[in-house]
Amino acid sequence: MLSLSRLTLLLCCAWAGTLLYGEMFTYWLPFWTCSWPHGEFSSSIMGIKQNPDDRLNVAVLADPQLMDRTSLGLPPESMVLEAAKFYTDLYMRRSFLSSILPFKPDIVLFLGDQFDGDRCCQTKSKESLFSCVIVFCIIYGRWKESLNRFKHIFYLKERGRDADIKLYYLSGNHDIGYSGLHSHHPEVISRFEKDFGLRNYRFSVQKVDFIVIDAQTLDGPTKGNFTSLTWDFIKNISKDPSPNSRVLLTHIPLHRPDGTPCGPHRVSPIINQRVSHAGPDQGITYQNYLTEKTSEKLLELIKPMLVLSGHDHDQCSVTHSTSFGPVVEHTLGTVSWQQGNLYPSFMLLSVFAPAVINTTQGHQVSTSLCFLPRQTHIYIWYLCLFAVTILMVSFWPSSGVGCWDRFVQVISSFITTTKEKNEDEDCEYEMVWDAEGSMHLVKKATPKALASSSNDTGLMGRHHKPIFGNSSNAIARPAAKKYLRQEAEPSFAVDMSTDVKSAETCSGKSRAGRAAQRLVRILRLLLIIATVNVPLYIMLLFKDWI
């Protein structure tokens, strides 16, 4: 028998298990379901296998895009916006601490768009650009606040045992804007470089050069200062005689024809090229991809074996044809669940040290795409469980429900009803009048009953006297069916009508009382469930945030 107390205990346990999974255990799954790529390759000359342990591991993240007062189009001080900021920051912090850091990467690489504060500056006209300047001044004053949030989310203030992890950053369009803004506000460049370092640089990992470029300036005005600096850096890289393999890192993806397939991991529709200019020869205010001419020139100068990009917020893998062979580009999806992608992700990249100089380049870098928990699905599950809880505490019988007892009771009542119905249908009745003229309805025995009790009938015929005095005074009439009983039913219904009216009057008075009792019971059960699970939920929230 599942009583109300047991139902309450069951719901408390269901909520506790759901909260533990949704707020903690689910962030452990990527560590169990994903792994570093185990690339093996052989020297083309000596046939020596590379030791898998002789490698450096890089965790790659794209587009955290911390929400701020410009996000979602809500009022700056809106409680909804504050709640969205908190839960988005919490999700990324949990993902970084519980899903990414357990892999113990040697390097963490951010592919740009650390912040979301430059959204208002992606405009198409001079008037809107001028209006953006006023808003931008407000955002600039909050830069430090967003920077401190970023450091807290990604555990950069007090990393302790993880302090030896190297961090590298790319600039994104939400960090510094496009070339159309730089000519009016060059301070956004200095602000970024002060806190995150240079926008164009390279670093080496196991004799592989990672080339970082500021893609937002590549398609800028030809006479623009920042555009010239970026192209000068790229030309210097192309003149470097180093035999090291190269990986190109750009926030904005390279050009691809409209409708190009992005592979099996793509969730959202494919985005085609879109370019907006501030004015003639005044720079770009927005673009989805680099232009075709810029992309071809960039590939020919850098000659990378792999390209990593962000900006698109969803996964996309394409292959570019070049004069030196095909080049694969991986566009990585966002690490945040609030940026239009229900399946946030990160990438694990392993760089293997070549055994000899002539090792094939393509095998020196291996990648593996990993997915983070689906936060939206977790919240949907919470809502479903809440609806089930309301229904169960509202309609559960006060006396409880015993599944087996109820089943036996239903089966027994069905068998009894069927048996009585069969007996009534098989039997016949006859009318008997006694000596005084009174009529009696006597059930007529069926052939089955006569066969089973023939001896008893004989004895009763010899030893028992008639019920109504002398048997010769009793007169039997032709048999009557059960319809005689049905003729008496109308009078019975008439007699019951008075009782029904009185019962309805009494039930109407007590209906409000029963509704109030049920409401009190619902609130009491919900309060018990909340008393157990709300403290657990709050503890799980601040366990990872503080």
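Residues numbered from 1 in each chain as written. Predicted model: local features only at pLDDT ≥ 70, side-chain atom pairs only at ≥ 80, totals over all residues. Heavy atoms only, no water.

Asker: How would you explain the overall build of the protein if you had to name every residue and give the values?
Answerer: A tally of helices and strands in the protein yields 16 helices and 16 strands. With 546 residues in all, the protein has 43% of them scored as buried. Considering only contacts in the protein between residues 6 or more positions apart, those separated by 24 or more positions represent 73%. Accessible area for the protein stands at about 29,300 Å²; split by element, carbon and sulfur atoms hold 61% of it. (Helix = DSSP H or I, 4+ residues; strand = E, 2+ residues; numbered from the N terminus. Buried < 20%, exposed > 50% of the residue type's maximum accessible area, 1.4 Å probe, protein only. Contact = heavy atoms within 4.5 Å. Areas by Shrake-Rupley, 256 points an atom, 1.4 Å probe, with all protein chains shown as cover.)

Asker: Residue-level account of the environment of Q364, with values.
Answerer: Tracing the chain through its elements places Q364 in the loop between β12 (345-352) and β13 (365-371). The class of Q364 is buried, set by a relative accessible area of 4%. Separated by 156 residues in the primary sequence, Q364 and V208 place their C-alpha atoms 8.2 Å from one another. In contact with Q364, not counting residues within four places along its chain, are Q206, K207, V208, S245, S350, V351, F352 and P354. Within the local environment of Q364, its side chain forms a polar contact with the backbone oxygen of Q206, the two atoms lying 3.0 Å apart. (Polar contact = N/O pair within 3.5 Å; in protein donor to acceptor, adjacent residues only side chain to side chain.)

Asker: Pulling in residues and values, what's your account of the nonpolar core?
Answerer: Residues L61, F150, F154, F196 and F346 are the most contacted members of the largest nonpolar core, which totals 36 residues. Elements supplying a minimum of two residues to this core: β1 (55-61), α3 (79-100), β2 (107-110), α5 (143-153), α8 (187-196) and β12. Not counting residues within four places of it along the chain, the set of residues in contact with L61 comprises F96, I100, V108, L109, F110, L111, F154, L332, V335 and F346. Among the nonpolar cores identified, the runner-up in size contains 24 residues, and L109, F203, L249 and L349 belong to it. (Core = buried A, V, L, I, M, F, W, Y, C linked by side-chain atoms within 4.5 Å.)

Asker: Just give me the short version of the packing of aromatic side chains, but keep the residues and values in it.
Answerer: Per the stated rule, a full pass over the model turns up 29 aromatic pairs. A ring pair is formed by F110 and Y169, whose centres lie 5.3 Å apart and whose planes are at 15°; its orientation type is stacked. Of the two residues, F110 sits in strand β2 while Y169 sits in strand β3 (residues 166-169), which places them 59 residues apart along the sequence. Each of the two residues, F110 as well as Y169, counts as buried. In this structure, K297 packs its charged tip against the face of W231, placed 4.4 Å from the ring centre. (Phe/Tyr/Trp six-rings, centres within 6.5 Å; stacked < 30°, edge-to-face > 60°. Lys NZ or Arg CZ within 6 Å of the ring centre and 35° of its normal.)

Asker: Help me get a handle on the UniProt feature "transmembrane region" (unreviewed entry) in the protein, residues and values and all.
Answerer: According to UniProt, the feature "transmembrane region" (unreviewed entry) maps to residues 378-396 and 522-542 in the numbering used here. Its end C-alpha atoms 26 Å apart, residues 378-396 is made of 95% helix and 0% strand. What you have in residues 522-542 is 100% helix and 0% strand, and the ends, taken at the C-alpha atoms, are 30 Å apart. (UniProt positions renumbered as here; feature names shortened; annotations may be inferred.)

Asker: Give a detailed account of the packing of α3 against α5, specifying residues and quantitative values.
Answerer: In contact at an axis separation of 9 Å, α3 and α5 are set at 35° when each is read in the N-to-C sense. Residues K85, D89, M92, R93 and F96 of α3 pack against E145, R149, H152 and I153 of α5. When grouped by side-chain class, the residues that make up the contact of α3 with α5 number three nonpolar, one polar and five charged. (Axes fitted to C-alpha atoms, helices over the stretch in contact; angles between N-to-C directions. Nonpolar A, V, L, I, M, F, W, Y, C, P; charged D, E, K, R; others polar.)

Asker: Would you mind going over the sheet that holds β13 in detail, with residue names and values included?
Answerer: The strand order across the open sheet formed by five strands is β3-β2-β1-β12-β13, and the pairing between neighbours is mixed. Every interior strand has two partners, whereas the edge strands, β3 and β13, have only one. On average, adjacent strands in this sheet sit at an angle of 20° to one another, irrespective of strand direction. The sheet contact formed by β12 and β13 spans seven bridges and is antiparallel. Looking at the pairing, V351 lines up with V365 of β13. (Pairing = 2+ DSSP bridges.)

Asker: Break down a positive patch on the surface for me, with residues and values.
Answerer: On the surface, K235, K239, K293 and K297 cluster together to form a positively charged patch. Its place among the elements puts K293 in helix α10 (residues 292-302). (Patch = residues over 30% accessible without salt bridge, like charges linked within 9 Å, V, L, I, M, F, W, Y side chains within 5 Å. Salt bridge = Lys/Arg side-chain N within 4 Å of Asp/Glu carboxyl O. Lys, Arg positive; Asp, Glu negative; His and termini not counted. Charge placed at Lys NZ, Arg CZ, Asp CG, Glu CD.)

Asker: Talk me through the pattern of salt bridges; I want residue IDs and the actual numbers.
Answerer: For the structure shown, the criterion picks out 12 salt bridges. When the shortest N-O distance is used, the salt bridge between E329 and R256 registers 3.7 Å. Here the residue E329 occupies a position in strand β11 (residues 327-331), and R256 occupies one in the loop between β6 (245-250) and β7 (275-277), the gap between them amounting to 73 residues. Residue classification places E329 among the buried positions, given a relative accessible area of 0%. Of the residues examined, R256 reaches a relative accessible area of 4% and is grouped as buried. Across the pair K543 and D544 runs a salt bridge, and its minimum N-O distance is 2.7 Å. Counted as one network, the salt bridges with shared partners bring together E23, R94, K543 and D544.

Asker: Summarise the sheet that holds β11; cite the residues concerned and give the values.
Answerer: What the six strands build is an open sheet, ordered β4-β5-β6-β9-β11-β10; its pairing is mixed. Each edge of the sheet is formed by a strand with only one pairing partner; in this case those strands are β4 (201-205) and β10 (316-320). Across this sheet, the average inter-strand angle for adjacent strands is 20°, counted without regard to direction. Of the strand pairs in this sheet, β6 and strand β9 (residues 306-309) are connected by four bridges, and their pairing is parallel.

Asker: Describe in detail the packing of helix α9 (residues 225-238) against α10, supporting the description with residues and values.
Answerer: It is the contact of α9 with α10, at a shortest axis distance of 8 Å, that shows an interaxial angle of 35°. Packed against α9, whose contacting residues are W231, I234, K235, I237 and S238, the element α10 presents T294, K297, L298, L301 and I302 at the interface. A breakdown of the residues in the contact of α9 with α10 according to their chemical character gives six nonpolar, two polar and two charged.

Asker: Describe the pairing of β12, with residues and values.
Answerer: Most of β12 is tucked away, with eight of its eight residues classed as buried. Where burial is concerned, the two faces of β12 agree: the one with S345, M347, L349 and V351 and the one with F346, L348, S350 and F352 are both buried. Both β1 and β12 contribute to a ladder of six bridges, which runs antiparallel. Residue pairing across strands places N57 opposite S350, the latter belonging to β12.

Asker: Pulling in residues and values, what's your account of the side chain of T227?
Answerer: With respect to the element layout, T227 can be found in helix α9. The residues touching T227, leaving out its near neighbours within four places in the chain, are T217, L218, G220 and P221.

Asker: How would you summarise the environment of E77 if you had to cite specific residues and measurements?
Answerer: Inspection of the secondary structure assignment puts E77 in the loop between β1 and α3. Look at E77 and you get exposed, because its relative accessible area is 60%. Look past the residues within four positions of E77 in its chain and what remains in contact with it is R69 and R142.

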